[in-house]
Each structure stands twice: as structure tokens, then as C-alpha cells.
Amino acid sequence: MATVSYIKVIVPLRLEWEPLYSYEYDGISSFPLAEGTRVTVPVASRTYVAVVSCADAGEEARKVGLDRIRPILGIAQGLEPVTMQEIALWRRVASYYLCTVGEVYKAAYPVSKVTQEETRARVTALRKSRLEKEKARLESELEKLRMRLSAKETALSRARKDSVKVSLDEARGRLLAKIGSHEEELSRVLSALSRPDEGGEELNRLSPVLSELSEAQSKALNEVRELMSSGKPVLLHGVTGSGKTEIYLRLAAECLRSGRSVLYLVPEIALSRQLEERVRAAIGQSLLVFHSAESQLSRYETAEAMRGGSYLVLGTRSAIFLPHRNLGLIVIDEEHDTSYKQDSPAPRYNARETAVMLGMVHSSRIILGSATPSLESLYNCKVGRFGYVSLKQRYFGALPSDVEVIDTIAERRKRGMVGLFSRKLISLIGDCLERKRQVLLLRERRSFAPAVQCCECGEIVRCRRCNVPLSLHHRADGTAKLVCHYCGRVYEYAGTCSSCGGTLIPLGSGTQKVEEEASALFPGARIARLDGDTAKDRKYATEVIRGFSKGDIDILIGTQIVAKGFDFSGLELVAVIGADSILGQEDYRADEKSLQLLEQLRGRCGRRSQKGLFVIQTSQPSHPVYRTLEGEMNHEEMADGLLGERKLFGYPPYSRVVGIIVKDSNARRADLMAAELVSALRCSGMTSATSLVGPYSPSVDKVSGQNIRCARILLPKDRDLTANKAVILQTVNTFEKERKYLGHISLDVDPV
């Protein structure tokens, strides 16, 4: 007799509750469902793959009414169950980032991934069915052949005539050959059936090849081990070129030897590509790579390979949500980097904070590393949440690179500028190239020019769907296009104004223009460009990074991508073109971010025994960030000063920020709804210490046809923090339902 049972499931939708469903089992051909099992369920008129979050929900079902509960459609065949650790992480992320568990599940198991799993499961089932049929056919034919062989052998033993014996012997030989062929084929089929279909195999190992540690590295490693033994995450504050990666790899090798797995997070795909070879040499074939540039099949195979033995996953932020098992160590490299933050869609998580949550779920050791730690991490060290280890000595004993700040206003007055380059910088680059050394040039903006303007009517050409200027890009064939860097829309560039017919002229400069001018100034140099446009081509980006590492490229021009953790032994000169665009951000973190970027860039040069030179071209030479780089202020003083400012004005890390974003195709409705929502939040019952700013229009107030209005809430880090966040979420949910305004409002906890 079948038994009816009731379960709760997580559906990949923005639902504030976990729906109830029923199913039947008889204990013979079907059995009770365990938590984590994936099932197909109906929601409205659609079908979804859901995860069982509670296997015994009978009491709740009775409260709702058993007749109102729909049955599941079935078990999702061939899909691996979700682990309890995964569900625990989803709940933590949903609670912290004010979203639903379903939205986190959707991020961890997007439709494309589930479809891939389902397809693979069907293919595997078909393959197994085909092999079973082939096995049955071969076994049947072998039985018949053996019976015929037995009959021939009996006839041969009784034959008297030589001619009959010869004929029977030939027939016997043919049968033996057929039997041998069938047995070989059956052996291959049995082998295929016994083999695991996908993944799950023990990963091959290679003997690790680890570099010898310096005395400073060994001391830092021992300090890290000691602090990790207390269960705290550890911040490794190591200057650029100090060998932090070698410490990570030592810890990873130890973890793998103990039979546990490692997650190694990096902020950018380009950095992952350079590290891949280095990590593989140190760790062996335990290495798995996971990021968005990998094919869907490759990412699926990575997830499957994690089911067999210990591993090291090298990946970007999305690797957080892989089905980790027996996770012993989490490495968060360049922990200060804002690329770890997911902007859209929900969950709008920061991989740094989420990795700490993941470590707590798995009881893993956690190490965060940076040459320029975030103020949040330094604050966590000051209050005792993190352990702190300093590594101030460079691995090869090289001194910090010299810093030269060039005042572009003064240079222009004395005609010392040639386009974007000062004559001083041209001379320094020329000297560097003569000595067969390499040069890295940073321009923060991709494109040829970030905007174009009509010289007759003064109109700046803007995107039709976004309130932003269009950027001018040159194509390889000599033509040009206008591109919106927000929605991606492309417009053909005719060079004339659509309003008055006047000539359009480029405003400002991007990496393409820097490349063009550098090619004209240094015609004999081998020049390459690495930015958001060229990095889309994985093969090209890999070739550029490898070529620059080998010395096949003399000058590399790029955006912030080139500042993140790369190690180029021949690089001697790094220069920033138009550094003012880095400082001029509307953000209370502007100075912190600028110092981090510039210090990271400075660390790219002179990484071996030879001292490097870091050149900054700016119109604000006396800015405190530059004074810090030049040594007039030390980093600790600036960090303390910035933390003091944050404390005075109640900004993070002394508070939590919750950003509220309203998007609507109708500008007036966006204004009205944003104002009413802020009014509702002011009356919501949050503590009086809470600060609420807005609504206001951001600097880019329209993207892809959606008008954007924002508000920002500062929540003190006190005992009311959790309650205040819950009030915000409840107020927004109630507002959406009452005003029938679903899908227009999003919450962003800890925006960057």
C-alpha cells in the first residue's frame, strides 16, 4: 500500500516561502525522499527542478490543508542530489544579502547547468540501455555459436572420410574465429558498462613541484598555520612580489595531502589563466578550473570531477557555489578587489564574505591575501575577527619601485606633452626599450575615445536606450563604431552629427588611442593591448599574457585587468596615462580604491632583483594618494586616516550599507515609486540611529531603457542590525505587493 508523504522544496524563483508538495512511495519500488533530492514540481503553469529542503513536512501540510497541496511530477532522474552544506550556504547568503533562497539556488544551479545535467543524464541512460542491449545480443549469439561449435566438434569426432573431416575442420575454425571476435566485443561492452559515465574518478596526481621559501616566507607561513589553528580566517598582508602565492600553494599541498579539497579564488579570468600553469606545476592534476569563459561542458565536467577524491578548484567568484565536498582550505587572492562583488541579478553577493560563510559551513581554514588589503579586512583584524600576518620583504630582495609623478599641466605649459605622452615618459620608455626591458601602460578606459562631440552644435552623442555617451571604437579594417558600454548596443559611426550634420570629434582617450600613439612614437616596438574588448577572445588574451611573460612583447597597454596579480619578470617600467580618471569617482571609497589600484600597478615592475620605475601622469600631483605612493605618507597612516573618516561619518566598516534600486521604463513612475518607497521605509520602525539618504538619480540614471532611482541606508553595527535588515526586506516586499510593483525594486547589501 502506498504511503503519502509531504515535503518542502526550494524552487529557483523569488519566493518568500518554500512550497509544500506531496508524493507517494510503497517501500518496494519507491522510497522516502531525502533532503537534497532534486524533484520536478509544477509552479503555476510551469515545471521546475526543485530541491527537497525538508523531507518531513506533514505537520505544516496539515496546517495548510492536505487537499490544497499538489503532488510532485517526479524525481529528476540522473541529477545528483544537493548536499546539506550547499543548502546551508544558500540560507546564509539569502539572509545576509536580503534575497530569497530560491534566488541563490538559481545562481548556483542556473537553467543552463540543470539542462546540461538533464541532457547528460538522458544520454547516459540511452548509452547504458544501448550497451545492455548489445551485451544481451552478444551473449545470445555467443551461446548459439558455442552450440554450433560443439555440434561441429561432435561431427568431426565421428567423421570417417578425409574430405568430410577437412570440411568440418574448416567450419570449426571459422566458428572459433567468430567466437573470439564476439568475446572481444563483449569484453569491450562489459568494460564500458563498468566504467563511471562522467566524472567521479579519482583525479590523477603528479608529484608537486614547490619553490624553496625564503626566510621571511617561512616565518609568515608558520604564523599563518598558528593563527589558522585557532579557527580564525587569516589576512596575509604581503607587499607585491613577496611570494604570497607560494605560501598559498604550500597550504594547498598540505591540505590535499591530508585528503581534503581546496578552493582558490581569483578576481579576474585573465589572472586565472596565468595562475593555471603555475598552480598545475605545484599541485599536479588535482587542479580544476572554473570561470565563465570556460565552456558549459567544461564547467559541468569540473563539477562532476569534484565528486571523486580531493581537488583544487581555481576559479572566479561563481566557483563559490560549486558542489564542494570535504573542503579544507579556501584561498581568497587579491581580497580587496571589487570584481568579487556580483552586481546583478540577485544574490548580489561579495565572494570574499561568502567564502567566509562557506568556510564556516565546511569548517575550512581561510586565508585572504593582498598587497593592499581592504579597509573592511583591516578592521576585522583590529577587532579580532581575523588573524593578521605581515610579509614586507620581496622574494628576490628587490627594493620597492621608484615613483615619479609627472604634472601634466606644468608639462603642457612648457610644451612638454606629445599627445597623451609627456616628453619625460617618452624618454623613459625609450631608455627602457634600448635595454631590452618591458613597459606596461595603463589607461583606465577601453575604446579609442570615451565620447564624441559635434564641433558645430556641441551635442555629445548618447545611447538611445541609456543616458550615457557612446564610446568610439576603431575596427581592425579601418572603420569605426560607437558602442554603449552599459547595454552593449552598437551604432555605425559616420563621423557626422545626426542633428546638424556637423563633424564629430573624439573627446578624451582610451586604450586604443594610447596604442595608436605608442605605435607612432615607438615604431620598432612590439605592442599589444589587453582590455575588456580584446580579453573576450580567450585565445588572444592567453597568447598576450604568455607572450609578455616570455619577453615577446615590448609594450603592453591595458585597463585595470593588467594590474591584478600578474608576474612579469622582464617588466621594468609601469606608467599610468591620465591618472585623474582613477581618482575622480563619486564614491566614499575613491581614495582607497585608487591607492589599491596604483599600488598593485607599482608592484608589477621590478619583481626580480632589478629595481623598477612607476610613473604617474596627473594634473593633481599633490593628491594624498600620490604622496603615499611617493613615501611622504606610509600606508598604515593613510589606512588609519581613512578609517577615522569612515568612523566619523558612519560609513563601512563601522556600519552596513543597504542600497535600494528602483528601475522603471517610465521616468515619472520611477520618481513617484522611489519617493513613496523611501517614505514607507522612514515609517517602517527602524531604529532612530539609522541614516536613510534618497531617493536620488545616480550619475548614470538610465540603462537599457530603464530609468534608475536609488536610496541608501546606513545601518549601525549594533544589536539591532539583523532586526533592521529584516524590517527593510519586509517593508520592500509589502510595498511591492500593495502597489503591484513586483520586479522593479532590488536590494544591494554592501554595494561597492
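Please read all numbers here as calculations on a predicted model, not as lab measurements.

Chemist: Help me understand the sheet that holds strand S19 (residues 480-483) in this model?
Modeler: Hydrogen bonds between backbone groups are what pair the strands of a sheet, and the pairing can be parallel or antiparallel. The strand order S18-S19-S20 describes an open sheet built from 3 strands, whose pairing is antiparallel. The open sheet is flanked by strand S18 (471-474) and strand S20 (490-492), the only strands paired with a single partner. Adjacent strand axes in the sheet meet at a mean angle of 35° when their direction is disregarded. In the sheet, S19 pairs with S20 via 3 bridges, with the strands oriented antiparallel.

Chemist: I keep staring at the pattern of salt bridges and nothing clicks. Help me out?
Modeler: Pairing is possible between side chains that carry opposite charge, provided their charged atoms lie close to one another. Throughout the structure, instances matching the rule amount to 31 salt bridges. Across the pair Lys414 and Glu411 runs a salt bridge whose closest N-O atoms are separated by 3.4 Å. Judged by its relative accessible area of 56%, Lys414 is exposed. When its relative accessible area of 5% is taken as the criterion, Glu411 is described as buried. Between Glu411 and Lys424 there is a salt bridge, with the nearest N and O atoms lying 4.0 Å from each other. Residue Glu411 is located in helix H12 (residues 408-413), and its partner Lys424 is located in helix H13 (residues 423-434); the two are separated by 13 residues in the primary sequence. Within the structure, one salt-bridge network assembled from shared partners comprises Arg137, Glu141 and Glu185.

Chemist: Just to check I follow, could you spell out the pairing of S19 for this structure?
Modeler: Two faces, one strand: in a regular strand the side chains alternate between the faces of the sheet. Sheet topology note: the S18/S19 ladder contains 4 bridges and is antiparallel. Note on S19: the bridge partner recorded for His473 is Lys481. The antiparallel pairing of S18 with S19 creates a hairpin that spans 5 residues between the two strands, and Gly478 there sits at a positive phi of about 95°. A loop of 6 residues connects S19 with S20, the two strands running antiparallel in sequence, and Gly488 in this loop sits at a positive phi of about 85°.

Chemist: Would you mind going over helix H15 (residues 538-550) with me for this structure?
Modeler: In this model H15 runs 18 Å from its N-terminal to its C-terminal C-alpha over 13 residues, within 8% of the 18 Å that 1.5 Å per residue would give. Every buried residue of H15 is accounted for by Ala541, Thr542, Val544, Ile545, Gly547 and Phe548.

Chemist: Can you help me understand the sheet that holds strand S1 (residues 3-10) in this one?
Modeler: Spatial ordering of the open sheet is given by S2-S1-S4-S3-S5, a layout of 5 strands whose pairing is antiparallel. Pairing within the sheet leaves two strands with one partner each, and these edge strands are strand S2 (20-25) and strand S5 (74-75). In this structure, S1 lies alongside strand S4 (residues 46-54), joined through 3 bridges in antiparallel fashion. Bridge pairing in S4 links Lys8 to Cys54. Here helix H2 (residues 84-96) sits on the sheet in contact with S1 and S4, set at roughly 100° to S4.

Chemist: Honestly, the packing of aromatic side chains in this entry has me stumped. Any pointers?
Modeler: This structure, assessed with the given rule, holds 9 aromatic pairs. A connected cluster of aromatic rings, assembled from ring pairs, spans Trp90, Tyr105 and Tyr109. Stacked on the ring of Tyr96, the Lys or Arg Lys725 has its end atom at 4.0 Å from the ring centre.

Chemist: Explain unusual backbone geometry to me, please; I cannot follow it from the model alone.
Modeler: Glycine aside, residues mostly have negative phi angles, and peptide bonds mostly take the trans form. Here the bond from Ala346 into Pro347 is cis, since omega is 0°, no more than 30 degrees from zero. As for its position among the elements, Pro347 is in the loop between strand S10 (327-333) and helix H10 (351-362). Here the residue pair Pro652 and Pro653 is connected by a cis peptide bond, since its omega of 15° sits within 30 degrees of zero. Mapped onto the secondary structure, Pro653 falls in the loop between helix H19 (635-649) and strand S26 (655-664). Phi is positive for Arg415, close to 55°, though the residue is something other than glycine.

Parameters at a glance
Residues numbered from 1 in each chain as written. Predicted model: local features only at pLDDT ≥ 70, side-chain atom pairs only at ≥ 80, totals over all residues. Heavy atoms only, no water. Pairing = 2+ DSSP bridges. Helix = DSSP H or I, 4+ residues; strand = E, 2+ residues; numbered from the N terminus. Axes fitted to C-alpha atoms, helices over the stretch in contact; angles between N-to-C directions. Salt bridge = Lys/Arg side-chain N within 4 Å of Asp/Glu carboxyl O. Buried < 20%, exposed > 50% of the residue type's maximum accessible area, 1.4 Å probe, protein only. Expected span 1.5 Å × (residues − 1). Contact = heavy atoms within 4.5 Å. Phe/Tyr/Trp six-rings, centres within 6.5 Å; stacked < 30°, edge-to-face > 60°. Lys NZ or Arg CZ within 6 Å of the ring centre and 35° of its normal.

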